[in-house]
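Overview (structure and organization)
In case you want the letters, here they are:
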Amino acid sequence: MIGKADMKKFEKPSYLYALKQLVQCYQSYEKLANQHFTQLGLTSSQFDIIATLGNTQGMSCKELGEKTLITKGTMNGVLDRLEKKEILTRCPVQGDRRLYLIKLTDKGQNLFEEIFPLHLEHMNQYFARVGQETIEQLGLVCSQVNSSLAAFIEPDKDCSKK
């Protein structure tokens, strides 16, 4: 049996602190945002899809997956629920029966135009305390780290089934 004295001491890499702060920041944001989504009668995934599709002509499931924070496994269930509520529709793409164009219905676009500005206004109160310059710097740093990490990620398959 290996005792504590026999174990090598490892110095923690500096990125662990940064990752912890990033995760905790996201968790705090998610709690605040989810409280507001609940007030709006939506889940975070539903809001994410509505906000992403708002003011667009629609997009494929693959495009939607790339632009949202929703995992592939969750995507189709959320799309099904929004389709049942007549918030969005899936239209077959001409020339490829496997693909669907996902777009907001008129009801969905009206909902987007109502809730998106409300949510931005709600979240502004929290981010205003940090300051615009800090937010911009954070965005740049996160973008650099994301680009570095993304270079090692294998691309996902398309979730083209209805």
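Just above, that's the structure.
Rules used in this analysis
- Residues numbered from 1 in each chain as written.
- Predicted model: local features only at pLDDT ≥ 70, side-chain atom pairs only at ≥ 80, totals over all residues.
- Heavy atoms only, no water.
- Phe/Tyr/Trp six-rings, centres within 6.5 Å; stacked < 30°, edge-to-face > 60°.
- Helix = DSSP H or I, 4+ residues; strand = E, 2+ residues; numbered from the N terminus.
- Buried < 20%, exposed > 50% of the residue type's maximum accessible area, 1.4 Å probe, protein only.
- Salt bridge = Lys/Arg side-chain N within 4 Å of Asp/Glu carboxyl O.

**Examining the packing of aromatic side chains**
Across all of its chains, the model carries five aromatic pairs by this definition. Considering the side-chain rings of Y26 and Y29, the 6.3 Å spacing of their centres and the 40° angle between planes classify their relative orientation as tilted. Of the two residues, Y26 and Y29 both sit in helix α1 (residues 15-40), three residues apart, roughly one turn of that helix. Assessed through its relative accessible area of 39%, Y26 is described here as partly exposed. Ring plane angle 25° and centroid distance 4.5 Å describe the contact between F37 and F47, whose orientation is recorded as stacked. In this pair, F37 sits in helix α1 while F47 sits in helix α2 (residues 44-53), placing the two residues ten residues apart along the sequence. In this structure, F37 and F47 share a single accessibility class: buried. One aromatic cluster is present, built from ring pairs that chain together F37, F47, F112 and F116.

**Side note on the pattern of salt bridges**
Taken as a whole and judged by the stated rule, the model has three salt bridges. With a shortest N-O distance of 2.3 Å, R90 and D80 are connected by a salt bridge. In this pair, R90 sits in strand β1 (residues 88-93) while D80 sits in helix α4 (residues 72-84), placing the two residues ten residues apart along the sequence. Relative accessible area serves as the criterion here: at 7%, R90 is assigned to the buried category. Within the structure, one salt-bridge network assembled from shared partners comprises D80, E83 and R90.

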